[in-house]
Amino acid sequence: MTDKVIEVKNLSKAFGERTAVDGLSFDTRRGEILGLLGANGAGKTTSMHMLLGLTTPTSGLIQIFGKAMPAHRVEILQKMNFASAYQFLPYNLRVWENLYIFAEIYGVKNKRKKIDELLGIFELSHLSNHTTGRLSSGEQTRLNLCKALLNDPELLLLDEPTASLDPDIADKVRKALAQLHKETGMTIINTSHNMIDVHELCSRILFMQHGKIIAEGSADEILQKYGSETLEEVFITIARNPVSQKV
């Protein structure tokens, strides 16, 4: 069995005359937490959508679990999941009802037990019977994380999972994700503008600019390459330098 969960080769996506992703190549190994970083418009979300089979590449190849995406999309998605701070579940359903419906879709066994477990991990148990539309943005974000973990995914894609959380809850979510990763060994791709998330969670980082990877390595390796003390400094350097070269 290959150690590579994701293999991306020369992936590109153009929308008319604008190229959002330009010759992207990388792989993700089993059990790795990979940070995908970059300023707004760098190509992160488009890349994630292509990994999910929501957007068709203009060119290039994607293999997940050794199978081509999107040709084997249904089979691949059964073993992965996705959560975003900008994704919302139906407002008119109660919290537990939303999760139960997704548990049915994913074929989860012992549904109520799994739902109760995840609500406890993300401190939402007291909101189980609340209408989803009454939740705060931070509570919605944590509910989406519960949804994304219902099927015990081997591959989890996260789009700014702490974007709407206060520092205390963000810290709790980071620790919960780190513990779940330790227990399950799942592979995670995390896009984030929160550099604390990246430094604490990610074993490897890819910085994107104009649809290309221009820096990669561990947090410490990237700090050394750029001669910076924090990832925020690196982020700002890359964002303000439109002609950055890969390092």
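The rules behind these values
- Residues numbered from 1 in each chain as written.
- Predicted model: local features only at pLDDT ≥ 70, side-chain atom pairs only at ≥ 80, totals over all residues.
- Heavy atoms only, no water.
- Helix = DSSP H or I, 4+ residues; strand = E, 2+ residues; numbered from the N terminus.
- Rg over C-alpha atoms; globule rule 2.2 N^0.38 Å.
- Buried < 20%, exposed > 50% of the residue type's maximum accessible area, 1.4 Å probe, protein only.
- Areas by Shrake-Rupley, 256 points an atom, 1.4 Å probe, with all protein chains shown as cover.
- Polar contact = N/O pair within 3.5 Å; in protein donor to acceptor, adjacent residues only side chain to side chain.
- Contact = heavy atoms within 4.5 Å.
- Core = buried A, V, L, I, M, F, W, Y, C linked by side-chain atoms within 4.5 Å.

Engineer: Even after reading the chapter, I still don't get the overall build of the protein, so can you show me in this structure?
Structural biologist: When its secondary structure is counted, the protein shows nine helices and ten strands. Against the compact-globule benchmark of 18 Å for 247 residues, the protein has a radius of gyration of 18 Å, which places it among compact chains. Each principal axis of the C-alpha atoms in the protein carries an extent, and together these give about 50 × 40 × 35 Å. Looking at the protein residue by residue over its 247 residues, the buried ones come to 49%. Per element, the accessible surface of the protein, about 11,800 Å² overall, is 50% carbon and sulfur.

Engineer: For this particular structure, what's the right way to read the side chain of Ser12?
Structural biologist: The topology assignment puts Ser12 in strand E1 (residues 4-15). Of note is the side chain of Ser12, whose polar atom sits 2.8 Å from the backbone nitrogen of Gly23. Discounting residues that sit within four places of it in the chain, Ser12 has contacts with Val21, Asp22, Gly23, Met50, Pro57, Thr58 and Ser59.

Engineer: Can you help me understand the nonpolar core in this one?
Structural biologist: Side chains of nonpolar character tend, in soluble globular proteins, to be buried together. Counting 47 residues, the largest nonpolar core has Phe122, Ile205, Phe207 and Leu231 as its most contacted members. No other element matches helix H6 (residues 167-184), which puts six residues into this core. In contact with Leu231, not counting residues within four places along its chain, are Met195, Val198, His199, Ile205, Ala219, Ile222 and Leu223. With 27 residues, the next largest nonpolar core counts Leu24, Ala42, Phe82 and Leu155 among its residues.

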